[in-house]
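A structural walkthrough
Chain by chain, the residues run as shown.
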Amino acid sequence: MADQVLAVAATSNIITGLLGVYVGMYVALPLQIESTAHSPSARRRAPNGKLTLPHGRSRRVSPYR
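So, here's what we can say about the structure. (Residues numbered from 1 in each chain as written. Predicted model: local features only at pLDDT ≥ 70, side-chain atom pairs only at ≥ 80, totals over all residues. Heavy atoms only, no water.)

Helix and strand counts for the protein come out as one helix and three strands. When the elements of the protein are put in sequence order from the N terminus, they spell out α-β-β-β. Among the 65 residues that make up the protein, the fraction classed as buried is 8%. Looking at the protein alone, contacts between residues at least 24 apart form 0% of all its contacts between residues at least 6 apart. (Helix = DSSP H or I, 4+ residues; strand = E, 2+ residues; numbered from the N terminus. Buried < 20%, exposed > 50% of the residue type's maximum accessible area, 1.4 Å probe, protein only. Contact = heavy atoms within 4.5 Å.)

The following block contains the structure:
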């Protein structure tokens, strides 16, 4: 029975490792980029009135905000 438990534990470890990589790339990294972009220290105004974000994208900001 010990060999079966070891096999299940090894399989679980492999599945968890693979899922962790994909969750890190497709969930955690985009969330971190968006949260950084919305922090006050990361915002910079360009001369044209657009908000320049750290990752190079810019977006229009309402003057009433």
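More follows now that the structure is in view.
One pass over the full model with this rule turns up one aromatic pair. Each ring, one from Tyr22 and one from Tyr26, has its centre 6.3 Å from the other, and the planes form 5°; the classification is stacked. In this pair, Tyr22 and Tyr26 both sit in helix α1 (residues 2-37), four residues apart, roughly one turn of the helix. For Tyr26, a relative accessible area of 61% corresponds to the exposed category. (Phe/Tyr/Trp six-rings, centres within 6.5 Å; stacked < 30°, edge-to-face > 60°.)

Let's shift gears to a nonpolar patch on the surface. Among the surface-exposed residues, Ile14, Leu18, Val21, Tyr22, Val23, Met25, Tyr26, Val27 and Leu31 lie close enough to one another that they form a single nonpolar patch of about 930 Å² accessible area. Looking at the element boundaries, Val23 is found in helix α1. (Patch = residues over 30% accessible without salt bridge, like charges linked within 9 Å, V, L, I, M, F, W, Y side chains within 5 Å. Areas by Shrake-Rupley, 256 points an atom, 1.4 Å probe, with all protein chains shown as cover. Salt bridge = Lys/Arg side-chain N within 4 Å of Asp/Glu carboxyl O.)

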